[in-house]
Amino acid sequence: MSDIPTFEVDSVTKVYQSRGRRGQAVEALRDISFTVAPGQSLGVVGESGSGKSTLSRLLLALERPTSGSVRYRGEVISGRRERDLRDFRRHVQIVFQDPMSSLDPRMRVHDLLAEPLRALHIDVDEGERVRELLASVEMPAAAARRYAYQFSGGQRQRIAIARALGPSPEVLIADEPVSALDVSVRAQILNLLTGLVRDFNLTMVFVSHDMAVVRHLCDSVVVLYRGRLVETGATEEVFEQPREDYTRELLAAAPRLRAQRGLTPSN
Amino acid sequence: MTALLSVRGLSVSSGPLELVRDVSFDVDAGERVGLIGESGSGKSLTALAVMGLLGEGLRASGSVRLGDEELLEASELRRCQLRGDAIAMVFQEPMSALNPTRRVGDQVGETLRIHRHLSRKAAERAAVDLLSRVEFAEPERYARMYPHELSGGQRQRAMIASAIACDPGVILADEPTTALDVTVQRRVLELLDRLVDEEGCALLLIAHDLAVVSEVCDRVITMYGGRLVESGSVSQIINEPHHPYTQALLATSKALSVSESSLGSQLPSIPGTVPSAGHFPRGCPFQDRCDRRVEACQVMPEVVETDNRALACWNPVVGTSASGGGEAA
């Protein structure tokens, strides 16, 4: 495994300037630095307004930082022209939160899975690749002929994951991929992700507000609060010995199964 | 003594399709009952049927009693009198439940103008008091704002303020914290919990998260496929679930805990997905996904009540071996 980090986020600040005369500026992220090593599963946790989504957009080079830089395998990706990013787009894929809105309901599953292959000019036998992808997310090959709307939420998220796997990415960025799913299905999708990360040796950035899910899936974690990086470290350390008050507060607020009702934290 | 809210044999149907079937439960004054189940289990429809807010084409049958009054036979006028006054509901999506074109204070006070015939001025003052009761730091200022100017948690608290305006005996809360951040979720749950303590009202809390229910509620009802499949006290359900569906939900909930590492392990999961309405198997709705299925499951088992708990299963989970209790309380 190479020593070059998959992602290097260096002193990144992102300010959104609102249009109009008053032109208020909103600082979505301030002076964020961290790295993601190859093969790592990094959890990005924080509440709404913490800058999680801005951060994933920066990692995907969909936004450029106001200052600072984002490097992918040593190369700056922010501010590059789209045609220079073709390899990057192949290597870094995303799974969105809501499979009901991230998949075009009027497209057949075959086309949903083949579209990124065509767009990125990946020369493969489409039919065969689609079958492979469906198999990797434990869906029958016959699903290719059907439309996304004919599937349940969990099955659609499988299709969305298969679509992301199409270009054989090195990195999967997952933005709250299980929070719109039913409890019983959530576990299936988490198991699927665990298996895929292992089998395809994926590096994963998992954005979530659910601390329990992050603890299950990620070996390291970044805690964001109002655009600032509050704490980062190995998941075990951060969860067992949080150094910052905000991290402690987040952990204490997470619901815990109890045999007797009570809202005060047990520890 | 009769329970404050008593539901007996409640069914909700859309034409020939029965979406909720033969559901019975009680909620007493001062009691918090959790209703868990996944989408399609019929838990929201049950609450809407109790409120008399079922959409067009849906029909409720059976019995819903509020104190001595049968709600399913009450006129729409009478139901309007009760709704917001004796029985109130908190919805999941405060952004769509609140009117975007009216100030928060107006909407919170509206309940009092309708039910208590307060003047506009008096309702305004009452609304400010209510907003401060749900922990708004500057209630006067927030009362003048529009819903879009509030955060999700503030909107949810404003909706709770409007629900408690007339001191209802029964509060139905349908996933009131699902759309909220964890720290905000906790505050809203604490607020609901405190209101039950202070007002002695009955709370029916609908949630999909068993952990949330176990923190707030005294009793738990599990629904699946429009049926009540199990109910019991929180400790009975958490320590010794009898229905395979409850047990499976519990196993997942336990494995995915903030306070224990399970990095990279296989989570217990339920095979398959929740079928859409009308596609549940005949007999027990859970049989296709159940690992304890037997021949008898093709007929829906009766709900049997023993020892303050209820169960509808032909081949229940017995013994405590399958579970080891929740985290220490």
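Nothing here was measured: the structure is a model prediction, and the numbers come from that model.

A. Here's a closer look at the overall build of chain A. The helix and strand tally for chain A stands at 10 helices and 10 strands. Relative to the globule expectation of 18 Å for 267 residues, the C-alpha radius of gyration of chain A, 19 Å, shows essentially globular dimensions. Summarising its shape, the C-alpha atoms of chain A cover approximately 50 × 50 × 45 Å along the three principal directions. Buried residues in chain A amount to 46% of all 267 residues.

B. How the structure looks around the nonpolar core. L131(B), L203(B) and L205(B) are the most contacted members of the largest nonpolar core, which totals 98 residues. The contact partners of L205(B), leaving out residues within four places of it in the chain, are R32(B), G34(B), L35(B), A173(B), V213(B), V216(B) and C217(B).

C. Representation of the sheet that holds strand β1 (residues 5-14) of chain B in the model. Residue and element names in this part refer to chain B. Taken in spatial order, the four strands make up an open sheet running β2-β1-β4-β5, and their pairing is antiparallel. Of all the strands in the sheet, just β2 (17-27) and β5 (69-70) have a single pairing partner and so form its edges. Pairing of strand β4 (residues 58-66) with β5, which is carried by two bridges, proceeds in the antiparallel orientation. Bridging across to β5, R65 finds its partner in E70.

D. Structural detail: the confidence of the model for chain A. The pLDDT averaged across chain A works out to 91; a share of 96% of its residues lies at or above 70. Helix α3 (residues 99-102) of chain A is the least confidently modelled element of chain A, averaging 85 in pLDDT, while strand β10 (residues 228-234) of chain A averages 97, the highest of any element.

E. Structural view of helix α4 (residues 109-119) of chain A. All names here are of chain A. For α4, every residue scored as buried is listed here: V109, L112, L113, A114 and L117. Buried residues along α4 sit against α5 (126-136) and α6 (153-165). One or two residues past the end of α4 sits H121, with phi positive at roughly 50°.

F. Local environment of the confidence of the model for chain B. All names here are of chain B. Taken as a whole, chain B shows an average pLDDT of 91; of its residues, 96% reach a score of 70 or greater. Predicted confidence for residues 321-329 stays below pLDDT 50, and this span has 26 contacts to residues more than four positions away or in other chains. As scored by the predictor, the complex reaches a pTM of 0.88 and an ipTM of 0.84.

What counts and what doesn't
- Residues numbered from 1 in each chain as written.
- Chains lettered and ligands numbered in written order.
- Predicted model: local features only at pLDDT ≥ 70, side-chain atom pairs only at ≥ 80, totals over all residues.
- Helix = DSSP H or I, 4+ residues; strand = E, 2+ residues; numbered from the N terminus.
- Rg over C-alpha atoms; globule rule 2.2 N^0.38 Å.
- Buried ≥ 20, exposed ≤ 12 C-beta atoms within 10 Å, placed from the backbone.
- Core = buried A, V, L, I, M, F, W, Y, C linked by C-beta atoms within 7 Å.
- Contact = placed C-beta atoms within 7 Å.
- Pairing = 2+ DSSP bridges.
- pLDDT = per-residue confidence, 0-100.

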